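Chain residues, written in single-letter form:
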Amino acid sequence: ALVSTQSTGEDSESDEEDLPVRERLEARKEKAEKNKDPNVLRAPILCVLGHVDTGKTTILDKLRKTNVQEGEAGGITQQIGATNVPIENIKRECSHLNMPELKIPGMLIIDTPGHESFSNLRSRGSSLCDMAILVVDIMHGLEQQTIESINLLKKRRTPFIIALNKIDRLYEWKIMNKTPVEEAVKKQKKITRDEFTDRANQAILQIAEQGLNAKLFYENPDVRSYISVVPVSGISGDGMADLLCLACELSQRMLGPQLIYRDVLEAMVLEVKAIHGLGTTVDIILKNGQVKEGDTVVLSGIEGAFSTTVRAVLTPHPMKEMRVKNNFVQHKVVQAAQGIKICAKDTDKTLAGMPVYIAKYPDECEVLIEDANIALKQELKSIKVGNEGVYVQASTLGSLEALLQFLKDSKIKYSGVSIGPVHKKDVMKASVMLEHDKEFACLLAFDVKVEREAQEMADSLGVRIFTADIIYHLFDQFMGYKEELKQRRKEENKHSAVFPCRLRVLPTCIFNTRDPIVIGVTVINGVLRTGTPLCVPSKDFCHIGVCTSLEVNNKQIEMAHTGQDVCIKVENIGTGEAPKLYGRHFDENDVIVSKITRDSIDTLKEYFRDDMTKENWKLIVELKKIFEIM
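I will try to describe carefully the structure that is included in this document.

### Some details on the overall build of the protein chain
Secondary structure assignment for the protein chain yields 18 helices and 28 strands. Going through the 630 residues of the protein chain one by one, you find that 52% of them count as buried. Expressed as a percentage of contacts within the protein chain between residues at least 6 apart in sequence, the contacts between residues at least 24 apart total 71%. A total accessible area of about 30100 Å² is found for the protein chain, and carbon and sulfur atoms account for 50% of it.

Following this line, the structure appears as structure tokens:
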């Protein structure tokens, strides 16, 4: 019997090979659909979503008993990470609860970042997941991203549970992490119970405002109409077992047919990173199907899709996070659902967030590469770059999109994008902006390495490279640089800027009538600064000199505003004309104004816009008419 089954298997294989490529791929899918066994389930993929700082990673750390949170930049999740939780661990964690019989082999939990600017990473994560845990901080209720995540889940029609985190911060909360959370709440003091009820009801009310019904999970009459809310604490561990138990139970009950294992590859690249001793590796979330050593995989790359052979399939130790550096376990074959890392040649150009394909025969590679390229073109089409702006570089497609979204919201233009380490060619591209606008001749590198040669080249060309592993820091550095440039330009151009002013002479305060003229004046309107050239329009635009100093009560000042009385010193500088005299060339009946020109107005517009008020601009318009400036 064994021999005959083997030969029929080989026959079907050879039949398959004779089909045209597209039909063959379809036939393979149909065969897998037909052969699936309802008793063989894959692990459900669970996504953890929520606002920044609600404690998503802490909850996961508690589940895994690891400390990823502390190793993250600013304690903020920047990349999606995946963790495999075997069923034995789940049973051990939930030993004090009455658990239903579980058929699932475990769980794959994905931790998504919480920032608004990571919504791309987040939507990637939730397109992978079968079910979600939405973390809400009991102290703050729903926050902006929580609402964003709810909308994302509604759009994808993903079932989810709400984890009401940080109950250990309620007044006088006593930790009972080995008791079911319902009992733990009942055993608290009355004051604690009241605060819990208040805050929980508040959160449920806010969820209702989003158009969803929610109930505490132990009061939930129907899980299909009401969303279950589980009170937990990621720090003390209260309610964590209840959360795990409920997640397993619901995923098994509600996802049934979705979780049946099918032998068709469904997988997505999470991230690409270089690991010491392994070279560039690709982290993949395997949702269905299997990956073997020696498989030919087709991946999307920066320069187009490519095929490569899998040299090793690694997984982290169970209950460890894929992002944390630890020794991996090597496998010949890995079945879904799993977070795996593959080592293969030329993977450093792989793009994160794109699907993975496997070619069984050489002629399938071309077709799959074509499919992958079409998928990638649509991704990159969504990135529109301008003619001028900064050059942006990030480690993965997800973080690049996130960074670009953040720049767009901050009204910062970008002219080019790239993925991976910063090389000399990137610096060359960024240096094009030196001809257009110096402030954009910089490169924002998010979470990537800068090659030494690239840095040296940037220094010699005058291109600034900003690196950071938190998007916000990158933004702060760039804004600081812009401000510094602005101040430098102001300093360079301050001599050609003439601020508008109108002055009236105070006849009782004439101290010196000839060069330097020292007289008291009132500023009728505008602003008088040192260095302002002055003239008298009523006396045939007679140029009387430059205001070299201002004094009030024997104290030197930089500028005088509307309504101020000041003593000014006017010197005859750089005109080549004979010095003017007070009393002969002008007197107290004349109005003195600042001598503006077309160039001085342009300088004000370009560099000193922030220092000008509306009244000042009005005065400029009046003076333009007097001086007949177009």
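The discussion continues.
### With respect to the side chain of Asp242
Take Asp242: it is sitting in helix α10 (residues 240-255). Buried charged residue Asp242 carries no salt bridge. Nearest counter-charge: Lys178, at 10 Å. Sequence-distant contacts of Asp242, that is, excluding residues within four places in its chain, are made with Leu97, Thr179, Pro180, Val181, Phe217 and Val230.

### Regarding the sheet that holds strand β18 (residues 414-419)
With parallel pairing, 4 strands are arranged side by side in an open sheet as β18-β17-β19-β20. Because the sheet does not close on itself, it has two edges, and the strands there are β18 and β20 (464-468). Averaged over all pairs of adjacent strands, the angle between strand axes in this sheet comes to 20 degrees, irrespective of strand direction. Bridge count between strand β19 (residues 442-446) and β20: 5 bridges; the pairing is parallel. From the neighbouring strand, Leu443 faces β20, where its bridge partner is Ile465. Across the sheet, helix α16 (residues 471-493) touches β17 (390-394), β19 and β20, and the angle it forms with β20 is around 150 degrees.

### Thoughts on unusual backbone geometry
Only a minority of non-glycine residues have a phi that is not negative, and only a minority of peptide bonds are not trans. Cis geometry is adopted by the peptide bond preceding Pro516, which originates at Asp515 and carries an omega value of -5 degrees. With respect to the helices and strands, Pro516 occurs in the loop between β21 (501-512) and β22 (517-529). At Phe541, a residue that is not glycine, the phi angle is positive and equals roughly 50 degrees. Tracing the backbone through its elements, the reader meets Phe541 in the loop between β23 (533-536) and β24 (542-552). Backbone geometry places Glu628, a non-glycine residue, at a positive phi of 55 degrees. Here Glu628 lies in the segment after α18 (614-627). With a relative accessible area of 70%, Glu628 lands in the exposed category.

### Quick word on the environment of Lys187
Secondary-structure assignment places Lys187 in the loop between α8 (181-186) and α9 (190-209). For Lys187, a relative accessible area of 52% puts it in the exposed group. Note: C-alpha distance between Lys187 and Met176 (11 residues apart in sequence) is 9.2 Å. Lys187 has contacts with Met176 and Thr179, leaving out every residue within four places of it along the chain.

### Observations regarding the nonpolar core
The biggest cluster of nonpolar side chains holds 92 residues, and the ones touching the most others in it are Ile90 and Met107. Counting residues per element, this core draws most heavily on α10, which supplies 10 residues. Leave out the neighbours within four places in its chain, and Ile90 touches Val85, Met99, Leu102, Gly106, Met107, Leu244 and Cys248. Among the nonpolar cores identified, the runner-up in size contains 29 residues, and Met354, Leu376, Ala394 and Ile412 belong to it.

### With respect to the pairing of strand β11 (residues 296-299)
In the sheet, β11 pairs with strand β12 (residues 306-315) via 4 bridges, with the strands oriented antiparallel. Residue pairing in the sheet places Leu299 in a bridge with Phe306 of β12.

### Here's the deal with the packing of helix α13 (residues 424-431) against helix α15 (residues 452-461)
Contact geometry of α13 with α15 gives a least axis separation of 8 Å together with a crossing angle of 25 degrees. Classified by the angle between their axes, α13 and α15 sit roughly parallel to one another. Handedness of the crossing formed by α13 with α15: right-handed. From α13, Lys424, Val427, Met428 and Ser431 reach across to α15, where they touch Glu453, Ala454, Met457, Ala458 and Leu461. Broken down by class, the residue content of the contact of α13 with α15 amounts to 6 nonpolar, 1 polar and 2 charged.

### Some points on the packing of aromatic side chains
Per the counting criterion, the structure on display carries 6 aromatic pairs. Ring centres of Phe499 and Phe608 lie 5.9 Å apart, and the angle between their planes is 80 degrees; this geometry places the pair in the edge-to-face category. Of the two residues, Phe499 is situated in the loop between α16 and β21 and Phe608 in the loop between α17 (598-607) and α18; the sequence distance between them amounts to 109 residues. On the accessibility criterion, Phe499 (4% relative accessible area) is buried. Following the ring pairs from residue to residue traces out a cluster consisting of Phe466, Phe478 and Tyr481. Against the face of Phe499 rests Arg529, its NZ or CZ located 4.0 Å from the ring centre.

### Side note on the pattern of salt bridges
Under the criterion given, the structure shown has 30 salt bridges. A salt bridge links Arg199 to Glu195, with the shortest nitrogen-to-oxygen separation between them at 2.9 Å. With a gap of 4 residues between them, Arg199 and Glu195 both fall in helix α9, about one helical turn apart. Linking Glu622 and Arg502 is a salt bridge whose minimum nitrogen-to-oxygen distance equals 3.0 Å.

### Section: the environment of Ile596
Following the sequence through the fold, Ile596 ends up in the loop between β28 (591-594) and α17. In sequence terms Ile596 and Phe499 are 97 residues apart; their C-alpha atoms lie 7.8 Å from each other. Ignoring sequence-local partners within four residues, the contact set of Ile596 consists of Val498, Ile601, Ile620, Leu623, Lys624, Phe627 and Ile629.

Rules used in this analysis
Residues numbered from 1 in each chain as written. Predicted model: local features only at pLDDT ≥ 70, side-chain atom pairs only at ≥ 80, totals over all residues. Heavy atoms only, no water. Helix = DSSP H or I, 4+ residues; strand = E, 2+ residues; numbered from the N terminus. Buried < 20%, exposed > 50% of the residue type's maximum accessible area, 1.4 Å probe, protein only. Contact = heavy atoms within 4.5 Å. Areas by Shrake-Rupley, 256 points an atom, 1.4 Å probe, with all protein chains shown as cover. Lys, Arg positive; Asp, Glu negative; His and termini not counted. Salt bridge = Lys/Arg side-chain N within 4 Å of Asp/Glu carboxyl O. Pairing = 2+ DSSP bridges. Axes fitted to C-alpha atoms, helices over the stretch in contact; angles between N-to-C directions. Core = buried A, V, L, I, M, F, W, Y, C linked by side-chain atoms within 4.5 Å. Parallel < 35°, antiparallel > 145°, perpendicular 65-115°, else oblique. Left-handed = near helix turned anticlockwise from the far one by under 90°. Nonpolar A, V, L, I, M, F, W, Y, C, P; charged D, E, K, R; others polar. Phe/Tyr/Trp six-rings, centres within 6.5 Å; stacked < 30°, edge-to-face > 60°. Lys NZ or Arg CZ within 6 Å of the ring centre and 35° of its normal.

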